[in-house]
Structure formats: structure tokens, C-alpha cells
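# Residue-level structural notes
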Amino acid sequence: MPQRLYRSFQALLLLGLFLFLMSKVINNQLLWYINQRFVILAQIGIVFLAILAQNLFAEVKLSRKRDEEEEQDDEHHHREHHHDQDHDHAPSSTNLWIMLIPLLIGVLIPAKPLDSSAVSAKGITTSSALVSSQSSSRLFETESEQRNVLDWVKIFYFEKDLNPFIGQQASVVGFVYREESLPQGQFLVSRFILSCCAADGYAVGMIVDSPKADSFEKDTWIKVSGPVDVVSFDGNPSPLIHAEAIEVVPQPEQPYLYP
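Calculation rules
Residues numbered from 1 in each chain as written. Predicted model: local features only at pLDDT ≥ 70, side-chain atom pairs only at ≥ 80, totals over all residues. Heavy atoms only, no water. Helix = DSSP H or I, 4+ residues; strand = E, 2+ residues; numbered from the N terminus. Buried < 20%, exposed > 50% of the residue type's maximum accessible area, 1.4 Å probe, protein only. Contact = heavy atoms within 4.5 Å. Areas by Shrake-Rupley, 256 points an atom, 1.4 Å probe, with all protein chains shown as cover. Phe/Tyr/Trp six-rings, centres within 6.5 Å; stacked < 30°, edge-to-face > 60°. Lys NZ or Arg CZ within 6 Å of the ring centre and 35° of its normal. Pairing = 2+ DSSP bridges. Patch = residues over 30% accessible without salt bridge, like charges linked within 9 Å, V, L, I, M, F, W, Y side chains within 5 Å. Salt bridge = Lys/Arg side-chain N within 4 Å of Asp/Glu carboxyl O. Polar contact = N/O pair within 3.5 Å; in protein donor to acceptor, adjacent residues only side chain to side chain. Core = buried A, V, L, I, M, F, W, Y, C linked by side-chain atoms within 4.5 Å.

What follows deals with the overall build of the protein. When helices and strands are tallied, the protein shows six helices and eight strands. Reading the protein from its N terminus to its C terminus gives the helix and strand order α-α-α-α-α-β-α-β-β-β-β-β-β-β. Each of the 259 residues in the protein was classed as buried or not, and the buried ones make up 42%. For the protein, contacts bridging at least 24 residues in sequence account for 71% of all contacts bridging at least 6. In the structure as shown, the protein presents an accessible area of about 14,500 Å², 56% of it carried by carbon and sulfur atoms.

Put into C-alpha cells, the structure is as follows:
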């Protein structure tokens, strides 16, 4: 592949990646892929993609202009030079295909946050938040109805005496996940936790007990309210909500929680 054509395709691919990532920023979908603390770094990277693409387009334009000037001075010399530059030293087009693959995947596969299908592959926990206990002290200062699913799971994992928490009112938002080992009338209200990016996301959940449990399809986003109880799940003490109210809600703009 001629050098100039290679650079042109390279610039187009960088421009395509820039436009793709910018669309994720504009549509508030960037946080479906990475932890919020990396957003600034991602935005800086997006800007650099635009700069690189612009520099490559400028290089192609300058090369074309230089060749036109050389052609006017000496057509024979230009042809020899053009042959050496565009053919003998042309990079392999394999690099372009490698750059194209992530762009095609991102464009062709519909964007969506992690859901029940990912839970089936990764598993779910109701008793271990996989985080440090240093942040657990904050939970005692938080009103029970202000705690999210992760907060409750952390409490039930770190605290030895759960009696003070039994009967407290919970009000949490998450998606419906149906665990086959749960009895009829129960399901898990779940959220994914992101430490770095979607690849390392893991799910946590609270068991919900309700006579209306079967009326909610999996992956439906709901808000569950009711008193908290403790049950044994996979041999560990786990939080359970005796649902007094279950309300279908829109998917949150930020569907993930952070440890």
C-alpha cells in the first residue's frame, strides 16, 4: 500500500475512533465502560486522537503538495522518488486492520451496561463486597433508606453483630436477577460494581421476598422498599428485604456502583 494512502486510512481510522468515543461522551455512555475516576483521562485521550488525526491529514496534504511541486520541476525525478517512497517503504496494511477491529466492534455491537447475562458468567455475591473495611464506618452514619445495595452487602460482610440492622428500612434500586437456587417468591435486586472497567465488574445483590416476585422480568430496573432481615445464602449471612413496595423505575444514568 502506498505511503500516502496508508497515512490517509490511518487518519480516517483515528478520526473514526474519536467520533465514536465522543458519541459515548455526548450520550452519557462512557461510564458504561469505565470507572468514573478515569473519565478525565479518557477525555484527554479522546482529544489526543483528534490531534493525531489532524496531524496525519496535514502530513498527507503536505506530501501531496510537495509531490505536485516536484512533478512540475522534474517529472522523471518525481516518478523515481514516488516509486521509492510509496512502494518500497510502504508499511504493512495489517496495522490498519488491527486498528479497525475495535472500531467495528464498538459500532456494530449495541451499547448496553452489564446485566443478567453478565451475572450468569461472572456470578453474584450477597455477602462480600470485595473492598476494604476502611469505608464501612461511614455506613453507620448513613440513614438506612439512603444506603444502596453495595452498602448493605458491605455491612453484612464486615459486621459481626447484625441484630441492630434487622428491621431497618431499606430502599434500594437495582435490576432483577433470578437465581435458580432461591425459592419461589424471591429474587435478587442487583447492581454491578466497577473498580476499573466493565471487564472487571462484579455483581452484588440483596434478596427480595415478595408475593409479586414472579411478575417482574429479569433485568427490569426496580426500587424495592421494606424492612431488612438476615438469611443464609451460600452459607453466608446475607441481607433480605421483605418488600412492602416494588416500583419499576428507569435505568439510572449511571447503572454501576463503585467500591
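Once that is clear, we can look at the packing of aromatic side chains. By the definition in use, this model includes four aromatic pairs. Ring plane angle 55° and centroid distance 6.4 Å describe the contact between F187 and F216, whose orientation is recorded as tilted. Of the two residues, F187 is situated in strand β3 (residues 186-193) and F216 in the loop between β4 (202-209) and β5 (221-233); the sequence distance between them amounts to 29 residues. For the residue pair F187 and F216, the accessibility class agrees, reading buried in each case. Among the aromatic residues, ring-to-ring pairing joins F175, F192 and W221 into one connected group. Stacked on the ring of W152, the Lys or Arg R147 has its end atom at 4.9 Å from the ring centre.

For strand β2 (residues 169-177), a buried count of seven out of nine residues is recorded, marking the element as mostly surrounded by other parts of the structure. With seven bridges joining them, β2 and β5 adopt antiparallel strand pairing. Across the sheet, residue A170 finds its bridge partner in β5, namely G226. Here three bridges tie β2 to β3, and the two strands are oriented antiparallel to one another. Residue pairing in the sheet places Y177 in a bridge with L188 of β3.

The next point concerns a nonpolar patch on the surface. Taken together, the side chains of L5, F9, L12, L15, L19 and F57 present a nonpolar region at the surface, about 510 Å² in accessible area. Here the nonpolar patch gets five residues from one element, more than from any other, and that element is helix α1 (residues 3-26). Position of F9 relative to the elements: it lies in helix α1. Owing to a relative accessible area of 38%, F9 belongs among the partly exposed residues under this scheme.

Before going further, it helps to examine the pairing of β4. The element β4 is largely enclosed, with a buried count of seven among its eight residues. Here strand β1 (residues 124-125) runs beside β4; their pairing, made up of two bridges, is parallel. Bridging from a neighbouring strand, T125 pairs with V204 of β4. Across eight bridges, β3 lies against β4 in antiparallel orientation. Note on β4: the bridge partner recorded for F192 is A203. Of the pairings in the sheet, the one linking β4 to strand β6 (residues 236-242) comprises three bridges and is parallel in character. When the bridges of β6 are listed, V208 appears paired with I241.

If you trace the backbone, L31 turns up in the loop between α1 and α2 (39-73). Separated by 223 residues in the primary sequence, L31 and Q254 place their C-alpha atoms 6.8 Å from one another.

Turning our attention to helix α6 (residues 149-158). For an α-helix, the turn length of 3.6 residues means that residues three or four places apart are oriented alike. Burial of α6 is extensive: nine of the 10 residues sit out of reach of the surface. Those residues of α6 lying buried are V149, L150, D151, W152, V153, K154, I155, F156 and F158. Close packing links the buried residues of α6 with β2, β3, β4, β5, β6 and β8 (256-257). Regarding α6, its N-cap is N148, as a side-chain oxygen of that residue lies 3.0 Å from the backbone nitrogen of L150 further along.

Right, let's talk about the nonpolar core for a bit. Ranked by size, the top nonpolar core spans 26 residues in total, and within it W152, V172, F187, V189, M206, I222 and V224 carry the most contacts. Those elements giving two or more residues to this core turn out to be α6, β2, β3, β4 and β5. Take this core: its biggest share by element is six residues, from α6. Discounting residues that sit within four places of it in the chain, V172 has contacts with R147, N148, V149, W152, V189, M206, I222, K223, V224 and I241.

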